[in-house]
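# Results of the structural survey
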Amino acid sequence: MPTATYQLISHYPVSSTSELTIDFTSIPQTYTDLQLLCSLRNDDAAQAQNILLTFNDDTTGYTNTYLQGNSTSVGQGAVARMIGDIDTAYEASGVFNAIKVDILNYSSASLTKLFPAESAFESQANSPAWHMLTANIWNNASAITKLSLSNTSAGKKFVQYSKVSLYGIKSS
C-alpha cells in the first residue's frame, strides 16, 4: 500500500481583526489530494451555523448530504457546500470547533471533486458535543486553484484564534 506524505502548503491564523472569509489562493497543482484542518468560531449570537467551502469562486454545482448526532439525538439533511457547523458567540467563551476535509483529485481537469468532511462542535457548555459527517461533490472538472471558507449567515466573521491549515498529500 502506498504511503501518503503530507506537506503544509499554508497556515491561516485569524488575527485580532475578524475575517468574513478565509481564502487560500494559487494552490500548487503538485499534489494528489488536499487536506484542510480547521479550528473555527464566529461572532454570530445564534447557535451553531454552517461553514461553507467554495472552490475557484464558483458557488454552483455542489451536492451534499450530512449525518449529525450527539448522545441524545441524530439528524440528517443536505446543505450545498457545507463541511460542518461552527461554534459561535452563543457558546461558552473560548470554544472552537474542529473540521477535517479531504479534497480528492483536486488537480484533475477531468474528474468531479469529492470532498468528505468530519466535524465536531460543542453546542452548550453542559450539552453533549455534536459530531457531523458530510459527503460533498463539486460537479466541475476544473482543477482547484482557490478555496474559500465562509459562514452561512451573511456578515458573520471568523474570530481571533480561529485557524486553518491546508496540506498537500502525495502518494508514493
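Read on for an overview of the structure. (Residues numbered from 1 in each chain as written. Predicted model: local features only at pLDDT ≥ 70, side-chain atom pairs only at ≥ 80, totals over all residues. Heavy atoms only, no water.)

With that settled, the discussion passes to the pattern of salt bridges. Summed over all chains, the structure comprises one salt bridge. The shortest N-O distance in the salt bridge between D57 and K146 comes to 2.9 Å. With D57 in the loop between β4 (49-55) and β5 (62-69) and K146 in the loop between β11 (129-138) and β12 (147-151), this pair connects stretches of sequence that are 89 residues apart. Look at D57 and you get exposed, because its relative accessible area is 54%. (Salt bridge = Lys/Arg side-chain N within 4 Å of Asp/Glu carboxyl O. Helix = DSSP H or I, 4+ residues; strand = E, 2+ residues; numbered from the N terminus. Buried < 20%, exposed > 50% of the residue type's maximum accessible area, 1.4 Å probe, protein only.)

This part is about the nonpolar core. The nonpolar side chains of soluble globular proteins are, as a tendency, buried together. L36, L53, I103, L147 and L149 are the most contacted members of the largest nonpolar core, which totals 28 residues. Those elements that provide at least two residues to this core are β2 (22-24), β3 (33-39), β4, β7 (82-86), β8 (98-103), β12 and β13 (163-171). Those residues in contact with L149 that lie beyond four places of it in its chain are L20, T21, I22, L36, C38, I51, L52, L53, I83, F158 and V164. (Core = buried A, V, L, I, M, F, W, Y, C linked by side-chain atoms within 4.5 Å. Contact = heavy atoms within 4.5 Å.)

Positive phi is not limited to glycine here, since N56 has a value of about 50°. Here N56 lies in the loop between β4 and β5. Relative accessible area serves as the criterion here: at 24%, N56 is assigned to the partly exposed category. Non-glycine residue D57 carries a positive phi angle of around 60°.

Below, the discussion takes up the pairing of β12. Counting buried residues along β12, five of its five residues qualify, which places the element largely inside the surrounding structure. Neither face of β12 is left uncovered, since the one carrying L147, L149 and N151 and the one carrying S148 and S150 both have all their residues buried. For β2 and β12, the ladder comprises three bridges, and the chain directions are antiparallel. Bridged to F24 within β12 is L147. As defined by bridge partners, β4 adjoins β12 across five bridges and the pair is classed as antiparallel. Along β12, the bridge assignment pairs F55 with L147. (Pairing = 2+ DSSP bridges.)

Strand order in the open sheet formed by four strands is β2-β12-β4-β7, and the pairing between neighbours is antiparallel. Only two strands of the sheet have a single partner each, and these edge strands are β2 and β7. Each strand of the sheet is rotated relative to its neighbour by a mean of 20°, with strand direction disregarded. (Axes fitted to C-alpha atoms, helices over the stretch in contact; angles between N-to-C directions.)

A separate point is the packing of aromatic side chains. If you walk through the whole model with that rule in mind, you get seven aromatic pairs. Summarising the aromatic geometry, the rings of Y12 and F24 are spaced 6.4 Å apart at their centres and angled 70° between planes, so their arrangement reads as edge-to-face. Here Y12, found in strand β1 (residues 4-13), pairs with F24, found in strand β2; they are 12 residues apart in sequence, far enough to count as distant. Where Y62 meets F115, the ring centres are 6.2 Å apart and the plane angle is 90°; that geometry is what we call edge-to-face. Note that Y62 is positioned in strand β5 and F115 in the loop between β9 (113-114) and β10 (117-122), a separation of 53 residues in sequence. With respect to burial, Y62 and F115 carry one shared label: buried. Members of the aromatic cluster, each reached through a chain of ring pairs, are F55, Y62, F115 and W138. (Phe/Tyr/Trp six-rings, centres within 6.5 Å; stacked < 30°, edge-to-face > 60°.)

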